[in-house]
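# Fold and geometry: a report
Spelled out from the first residue to the last, the chains are:
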Amino acid sequence: MRLHMHRSGPRSLAWKWLTPFAALLLTACGDPAPGEGVKKPLMSDPPPEIIGAREAVNTPDIPTIDPQTLVAAEIEKVLGAGPRCLFAYTAESPPVVALRVTGDTAGQGVVKVHGRLVKLAAQRAEAGGFALSADGLSIKIEPAVAGDAMPTEFREADMLFELEQGLRVGYRGWYRCTAP
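This section reports on the structure supplied with the text.

Parameters at a glance
- Residues numbered from 1 in each chain as written.
- Predicted model: local features only at pLDDT ≥ 70, side-chain atom pairs only at ≥ 80, totals over all residues.
- Heavy atoms only, no water.
- Helix = DSSP H or I, 4+ residues; strand = E, 2+ residues; numbered from the N terminus.
- Buried < 20%, exposed > 50% of the residue type's maximum accessible area, 1.4 Å probe, protein only.
- Salt bridge = Lys/Arg side-chain N within 4 Å of Asp/Glu carboxyl O.
- Arc of directions from axis to C-beta.
- Lys, Arg positive; Asp, Glu negative; His and termini not counted.
- Polar contact = N/O pair within 3.5 Å; in protein donor to acceptor, adjacent residues only side chain to side chain.
- Core = buried A, V, L, I, M, F, W, Y, C linked by side-chain atoms within 4.5 Å.
- Contact = heavy atoms within 4.5 Å.
- Phe/Tyr/Trp six-rings, centres within 6.5 Å; stacked < 30°, edge-to-face > 60°.

Even without glycine at this site, His114 takes up a positive phi of about 55 degrees. One can find His114 in the loop between strand E4 (106-113) and strand E5 (116-124). According to the relative accessible area criterion, His114 is partly exposed, its value standing at 37%.

Given below as structure tokens:
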């Protein structure tokens, strides 16, 4: 005795389910993910505002505060155009502190904390480098090796970031002075 499978058997039920499922999977493959292939985002974050140091560091979690990277437009917003000195965590990363010397030893600087720009008073330090400060916040940048206080090429340097509320942290990074 010979058994024949008829099209209405269990095999046809699998095809009834698999065919639409396969078609659904294939149509999903053609669409890019949201935002994929977009060179410039349609919306951007609002530009950071300039505020006082106390307001910028006003947070319940003081130990997590680190200076954030700055873009050229943020630096220019605070310091204007002209020669400036920059401190970055790496030689390839954007700066986290920028300053402009406006006199023989004095100037002004900028740092970004919690997404907000903080304007700092800057003084050239005796041992080279700079000391920057604002109400409740101070930053010292010192070259790792004694030498030119305003090097035109990246040199290793140390940055000491201090908050009056009890945070004191040091960073090894790269420092140089340049024209915009």
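Right, let's talk about the pattern of salt bridges for a bit. Charged atoms that come close allow side chains of opposite charge to pair. What the rule picks out here adds up to four salt bridges. Of the charged contacts, one joins Asp158 and Arg172 as a salt bridge, the two residues approaching to 2.5 Å between their closest N and O atoms. Here the residue Asp158 occupies a position in strand E8 (residues 155-163), and Arg172 occupies one in strand E9 (residues 167-178), the gap between them amounting to 14 residues. When its relative accessible area of 29% is taken as the criterion, Asp158 is described as partly exposed. In this structure, Glu162 engages Arg168 in a salt bridge whose closest nitrogen and oxygen atoms are separated by 3.1 Å. When salt bridges with common partners are traced through the structure, they connect Glu156, Asp158 and Arg172 into a single cluster.

A few words on helix H3 (residues 72-79). Given 3.6 residues per helical turn, the α-helix brings residues three or four places apart onto the same face. Along H3, the positions that sit buried rather than exposed are Glu74, Ile75, Val78 and Leu79. Down the axis of H3, the sector holding all buried residues measures 110 degrees, keeping them to one side. Exposed side of H3, more than 90 degrees from the buried face: Ala72 and Ala73 are the residues found there. Just beyond H3, the residue with positive phi is Gly80, at close to 75 degrees.

In this section: the side chain of Arg84. Structurally, Arg84 can be placed in strand E2 (residues 84-88). One buried charged residue, Arg84, forms no salt bridge at all, with the nearest opposite charge on Glu76 at 4.7 Å. Here Gly80 takes part through its backbone oxygen, which lies 2.6 Å from a polar atom of the side chain of Arg84.

Let us look at the nonpolar core. Counting 27 residues, the largest nonpolar core has Phe87, Val97, Leu132, Ile139, Ile141 and Phe161 as its most contacted members. If we ignore the near neighbours within four places in the chain, the residues touching Ile139 are Val97, Val111, Leu120, Phe130, Ala131, Leu132, Met159, Leu160 and Phe161. Counting eight residues, the second-largest nonpolar core is a separate cluster that includes Leu70, Ala98, Val110 and Leu117.

What follows covers the packing of aromatic side chains. In the structure shown here, the tally under the stated rule is one aromatic pair. Geometrically, the ring pair formed by Tyr89 and Tyr171 is tilted, given 5.3 Å between the ring centres and 45 degrees between the ring planes. Here Tyr171 lies in strand E9 and Tyr89 lies in the loop between E2 and strand E3 (95-101), a separation of 82 residues in the sequence.

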